[in-house]
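# Structural description and commentary
Here are the chains, one letter per residue:
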Amino acid sequence: MAETPAAPIRIALADDQALLRSGLAALLRLEADVEVVGEASDGAGALALVAEQHPDVLLLDVQMPAGAGPDGDPGPADGLEAAERLRGSGTRIIVLTTFGRAGYLRRTLEAGADGFMVKDAPVDRLVDAIRRVHQGLRVVDPELAAQSLAAGPNPLSAKETEVLRACSVGGSTADVAARVFLSEGTVRNHISSAIGKLGVANRAEAVRRATDNGWL
């Protein structure tokens, strides 16, 4: 008696870059054991797609707009928050990033994702990652893993991270203080401490260094 062929791995994609998303979907459809069941362009769409299609694996961009749900509430701020909200959904998640920022690796794993890959990885490597994640394994791009070890842990405190994240939006110290509900003096102290820890010269460089390492 002939064996019943295994069901294909049902894949969903969430990325705000339509050309990249559709191109990746087309490449995945060439794989005999993969079925692309839907695409989304923002965080809210990603949540809705998983709720509707229950894919086996979701390929999820790190940086994409929040969007809005049917009730008008904003969706996840980024792919990492989307991964956190989808924890326990039964869908395994591979987070994709354009830039190999090693600091994102720790945050990705903390968010409950099962894999972390760069978008420009060879297609065969990505397909292999999909198959392995579908089998219950955890997959990390080897280059990102090496970078993460070299970068070390996040040296910033929770408050320093919060203040730098507020600084990334721009504005004066008073503006930042209002966003994080702290006094201007306290904000200056947190910024000064972050600058010292990161070994940079000013606030803008601190934001850039922390962002590049995925700490914001």
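The following refers to the structure shown. Within each chain, residue numbers correspond to sequence positions counted from 1 in written order. A pLDDT threshold of at least 70 governs which residues receive local features in this predicted model, and a stricter bar of 80 or more applies before side-chain atom pairs are shown or counted, although totals over entire chains, interfaces and linings include all residues. Side-chain numbers come from the whole structure's heavy atoms, not from hydrogens or water.

## Description of helix α2 (residues 43-53)
Convention followed: Note on classification: 1.4 Å probe, protein chains only; a residue is buried when its accessible area is under 20% of the maximum for its type, exposed when over 50%, partly exposed between these limits. Numbering of helices and strands runs from the N terminus, with a helix taken as a DSSP run of H or I at least four residues long and a strand as a DSSP run of E at least two residues long. Here a residue-residue contact requires only that any non-hydrogen atoms of the pair lie within 4.5 Å. Polar contact criterion, stated in full: a pair of N or O atoms within 3.5 Å, where within protein one must be able to donate a hydrogen and the other to accept it, and residues adjacent in sequence count only if both atoms are side-chain atoms.
When we look at burial in α2, the residues that qualify are G43, A44, A46, L49 and V50. Its buried side turned inward, α2 meets β1 (9-14), β2 (34-40) and β3 (57-61). With a side-chain oxygen lying 3.4 Å from the backbone nitrogen of A44, the N-terminal cap of α2 falls on D42. Two residues or fewer after α2 comes H54, characterised by a positive phi angle close to 50°.

## With respect to the pairing of strand β4 (residues 92-97)
Successive side chains on a regular strand alternate, one facing one side of the sheet and the next facing the other. Selection criterion: Following DSSP output, two strands are said to pair if at least two bridges run between them. Here a crossover is taken to be right-handed if, once the strands point away from the viewer, the path from the first strand over the helix to the second is traced clockwise.
Burial analysis of β4 places five of its six residues in the buried class, which makes it a mostly covered element. With five bridges joining them, β3 and β4 adopt parallel strand pairing. Within the sheet, the bridge partner assigned to L59 lies in β4 and is I94. This β-α-β element, β3 to helix α3 (residues 79-85) to β4, shows right-handed connectivity. In this sheet, strand β5 (residues 115-118) lies alongside β4 in parallel orientation, the contact comprising four bridges. Residue pairing for β5: L96 is matched across the bridge by M117.

## With respect to empty space enclosed by the protein
Note the cut-off: A cavity, in this analysis, means grid points on a 1 Å lattice covering only the protein atoms where a 1.4 Å probe fits yet has no way out; a pocket is instead an open set bounded by protein on both sides within 12 Å along at least five of seven lines, and a residue lines either one if it has an atom within 4 Å of a point. Grid points are joined across faces, edges and corners, and a volume is the space filled by probe spheres set on the points. Residue type decides the class: Asp, Glu, Lys and Arg count as charged, Ala, Val, Leu, Ile, Met, Phe, Trp, Tyr, Cys and Pro as nonpolar, and the leftover types, Gly among them, as polar.
Under the definition given, this model contains one cavity of 30 Å³ or more. Roughly 40 Å³ of internal volume is contained in the largest cavity. If you go around the largest cavity, the residues you meet are L13, A14, D15, L20, R21, L24, L59 and L96. Where the lining of the largest cavity is concerned, the elements lending two or more residues are β1 and α1 (18-28). The element that contributes the greatest number of residues to the lining of the largest cavity is α1, accounting for three residues. Of the residues assigned to the lining of the largest cavity, the class counts are six nonpolar, no polar and two charged.

## Regarding the pairing of β3
The buried fraction of β3 amounts to five of the five residues, a majority that puts the element mostly inside the structure. Residues V57, L59 and D61 point to one face of β3 and L58 and L60 to the other, with burial holding for every one of them.

These results come straight from atomic positions and should not be treated as a statement about function.
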